[in-house]
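Listed below, chain by chain, are the residues.
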Amino acid sequence: MTLAELLQYLDRNTAFDILDGPPGDTLTKALADRHGNALAGAIIRGIAEGNHCSGEESTVDRAASITALGPLRLQYMKDDAPVDGFRMLEQIIHAIDGAFNDEALRAKSR
């Protein structure tokens, strides 16, 4: 799965505005800390960096994507962190699993 495919899946399958324009523009904004939703931008940046992505067509891995969100998740687990941020991270992590599960099921049915 490419980073662009994952971002599109997350945008379609969560209640959050993951995309801030096309996937390439979204990645550029996230990496420059200019995404319209700061937490979504941090999540995208984490996934991209955790997978060593050079662009939107770079391949991403389930484990690397979820592991990359670990530090951000710990930050939002603190007592003084906004609960909405923690909930968003949890839903995104579940959606990442869903994206890779769906991809595996599609591959098996071919």
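Look up: the structure comes first, before these words.
*Asks:* Tell me what's going on with the overall build of the chain, and back it up with residues and numbers.
*Replies:* Assigned secondary structure in the chain consists of 6 helices and 0 strands. Secondary structure elements of the chain, listed N to C terminal, follow the sequence α-α-α-α-α-α. Scaling as 2.2 N^0.38, a compact globule of 110 residues should have a C-alpha radius of gyration of about 13 Å, and the chain matches this with 13 Å. Each principal axis of the C-alpha distribution contributes one length, and for the chain these read about 50 × 25 × 25 Å. By the burial criterion, 44% of the 110 residues in the chain qualify as buried.

*Asks:* Talk me through the nonpolar core; I want residue IDs and the actual numbers.
*Replies:* With 31 residues, the main nonpolar core has Leu6, Leu10, Ile18, Ile43, Ile47 and Ile92 as its most contacted residues. Elements with a minimum of two residues in this core: helix H1 (3–13), helix H2 (23–31), helix H3 (38–50), helix H5 (70–77) and helix H6 (83–108). Setting aside residues up to four positions removed in sequence, isoleucine 47 forms contacts with Leu3, Leu6, Leu10, Val60, Ser65, Ala68, Leu69 and Ile96.

*Asks:* Please give an account of H6 that cites residues and values.
*Replies:* Its 26 residues place the ends of H6 38 Å apart at the C-alpha level, agreeing with the 38 Å of an ideal helix rising 1.5 Å per residue. Listed in full, the buried residues belonging to H6 are Gly85, Met88, Leu89, Glu90, Ile92, Ile93, Ala95, Ile96, Gly98, Ala99 and Phe100. Where H6 is buried, its residues meet H1, H3, helix H4 (62–68) and H5.

*Asks:* Before we move on, can you summarise unusual backbone geometry with the specific residues and values?
*Replies:* The backbone of aspartate 33 shows a phi angle near 60°, a positive value even though the residue is not glycine. Its location among the elements puts aspartate 33 in the loop between H2 and H3. The class of aspartate 33 is exposed, set by a relative accessible area of 57%. A positive phi angle, close to 55°, is found at histidine 52, a residue other than glycine. Structurally, histidine 52 is set in the loop between H3 and H4.

The rules behind the values
Residues numbered from 1 in each chain as written. Predicted model: local features only at pLDDT ≥ 70, side-chain atom pairs only at ≥ 80, totals over all residues. Heavy atoms only, no water. Helix = DSSP H or I, 4+ residues; strand = E, 2+ residues; numbered from the N terminus. Rg over C-alpha atoms; globule rule 2.2 N^0.38 Å. Buried < 20%, exposed > 50% of the residue type's maximum accessible area, 1.4 Å probe, protein only. Core = buried A, V, L, I, M, F, W, Y, C linked by side-chain atoms within 4.5 Å. Contact = heavy atoms within 4.5 Å. Expected span 1.5 Å × (residues − 1).

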